[in-house]
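# Analysis of the macromolecular model
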Amino acid sequence: MSNLHPQEVTGDSPLMERVYKELRLTAWREQPRMVEALSYWRDEIDSTARHWVIVDAGIAIASARLSFHNSLEDLPDAEIFVGFCPTLPTPIASINRLVVHPDYRRRGYGTRLDNIRLKAAEEWGCQCAIASSTEPKRIKQLADRGFKVVGTGREHPHPMYAKRGRQKILVCLLPRD
Ligand SMILES: CC(C)(COP(=O)(O)OP(=O)(O)OC[C@H]1O[C@@H](n2cnc3c(N)ncnc32)[C@H](O)[C@@H]1OP(=O)(O)O)[C@@H](O)C(=O)NCCC(=O)NCCS
């Protein structure tokens, strides 16, 4: 486990600007179809979501986002969930946009950012957390935190995501014991 600590920042902070311009793209570069069309990765939820960033020597090397929702329709990338996910207790915490720079992986940063977001969701009073992934290792990482696969999402309408296939939908009931 590394000694760099996550800090919470706003979606409009200079650190997040670096995340939108650099880290989110760099972290996905080994899956070039995901980012080939992007030079800046930000959406409307980034302005209101909570964000944590880990910084080394002034550079953002990991980041993750948490947002709160009262319906499936309100979730980021809602189109993949609606009709493909059971009704969930609200409020729902969405954990997404987790990225760790390739040079900093396998040091526990991703897991630490998952733990921080789940704790924040519990403190907010969320009744569950939702996540999605196509990647078996990521699904296992989430299962280790208490998530269960509840379905397979609809094909994402955005070609950038659709090329990766249909995502597994994972839900963790909160608070955890
Ligand atoms: C997924 C990701 C955030 C993990 O970050 P990390 O800091 O390396 O995670 P940790 O050090 O806490 O845990 C390491 C574990 O991550 C798991 N993992 C999850 N997704 C993985 C992936 N796509 N590739 C490799 N390992 C992954 C593995 O089980 C690994 O354990 P192992 O080294 O024993 O195999 C990082 O690989 C990444 O940024 N990937 C690209 C973006 C992405 O897939 N984000 C998640 C979207 S749902």
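Throughout what follows, the structure given in this document is the object of discussion. (Residues numbered from 1 in each chain as written. Predicted model: local features only at pLDDT ≥ 70, side-chain atom pairs only at ≥ 80, totals over all residues.)

## A short note on the site of the ligand
What counts is decided by this rule: In this analysis a residue is considered near a molecule or strand if the C-beta atom, reconstructed from its backbone, is found within 6 Å of that molecule or strand. In this text, helices come from DSSP runs of H or I with a minimum length of four residues, and strands from runs of E with a minimum of two, each type numbered from the N-terminal end. Nonpolar residues are Ala, Val, Leu, Ile, Met, Phe, Trp, Tyr, Cys and Pro. Charged residues are Asp, Glu, Lys and Arg, and all others, Gly as well, are polar.
The environment of the ligand is made up of 18 residues, and the closest members are R105, G110, T111, K137 and R138. Listing elements by their share of the shell around the ligand, those giving two or more residues are β4 (92-100), α3 (109-124) and α4 (136-143). The element best represented in the shell around the ligand is α4, accounting for four residues. In the shell around the ligand, the residues fall into six nonpolar, five polar and seven charged.

## Some thoughts on the environment of Q167
Heads up, the rule is: Neighbour counting defines burial: a residue surrounded by 20 or more other C-beta atoms within 10 Å of its own C-beta is buried, one with 12 or fewer is exposed, and intermediate counts give partly exposed, using backbone-placed C-beta atoms. Here, residues touch in the contact sense if the C-beta positions derived from the backbone fall within 7 Å of one another.
Tracing the sequence through the fold places Q167 in the loop between α5 (159-162) and β7 (168-173). You can call Q167 buried: it has 23 C-beta atoms within 10 Å. Remark: the alpha-carbon pair of Q167 and S133, spanning 34 residues in sequence, is separated by 5.0 Å. Ignoring any residue separated from it by four or fewer positions in sequence, one finds Q167 in contact with I80, S132, S133, T134 and G153.

## Description of the nonpolar core
Threshold: Each nonpolar core consists of buried Ala, Val, Leu, Ile, Met, Phe, Trp, Tyr and Cys residues. Their C-beta atoms, within 7 Å, join them into a set.
Counting residues in hydrophobic clusters, the biggest one holds 40 residues, and the most contacted among them are A62, A93, A121, A129, I130, A131 and V171. Listed by contribution, the elements that provide at least two residues to this core are α1 (14-27), β2 (50-56), β3 (59-69), β4, α3, β5 (128-133) and β7. Ignoring sequence-local partners within four residues, the contact set of A62 consists of I54, V99, V100, H101, Y104, Y109 and L113.

## Thoughts on unusual backbone geometry
Negative phi values dominate among residues other than glycine, just as trans dominates among peptide bonds. Along the chain, T90 connects to P91 via a cis peptide bond; the corresponding omega equals -5 degrees. Along the chain, L174 connects to P175 via a cis peptide bond; the corresponding omega equals -5 degrees. Locating P175 in the fold gives a position in the segment after β7. Residue R97 is not a glycine yet carries a positive backbone phi of 55 degrees. Tracing the backbone through its elements, the reader meets R97 in strand β4. In this structure, R106 is a non-glycine residue whose phi angle is positive, near 60 degrees. Looking at the secondary structure, you find R106 in the loop between β4 and α3.

## Focus: the pairing of β4
Short version of the rule: Two strands form a pair only when DSSP identifies at least two bridges running between them. Here, the term right-handed applies to a crossover whose path from the first strand over the helix to the second runs clockwise when the strands point away from the viewer.
Of all the nine residues making up β4, eight are buried; the element is thus mostly covered by neighbouring parts of the structure. Alignment of β4 against β5, held across three bridges, turns out to be parallel. Its bridge partner lying in β5, A93 is registered against A129. Between β4 and its parallel partner β5, the chain crosses via α3, and the hand of that crossover is right-handed.

## Points about the sheet that holds strand β1 (residues 7-9)
Our working rule: In this analysis, axes come from line fits to C-alpha atoms, helices being fitted only over the stretch in contact, and the angle between any two N-to-C directions falls in the range 0 to 180 degrees.
The strand order β1-β2-β3-β4-β5-β7-β6 describes an open sheet built from seven strands, whose pairing is mixed. The strands lining the two open edges of the sheet, one partner per strand, are β1 and β6 (148-152). This sheet shows a mean twist of 30 degrees between the axes of neighbouring strands, independent of strand direction. Sitting on the sheet, α3 is in contact with β2, β3, β4, β5 and β7, with an inclination near 30 degrees to β3.

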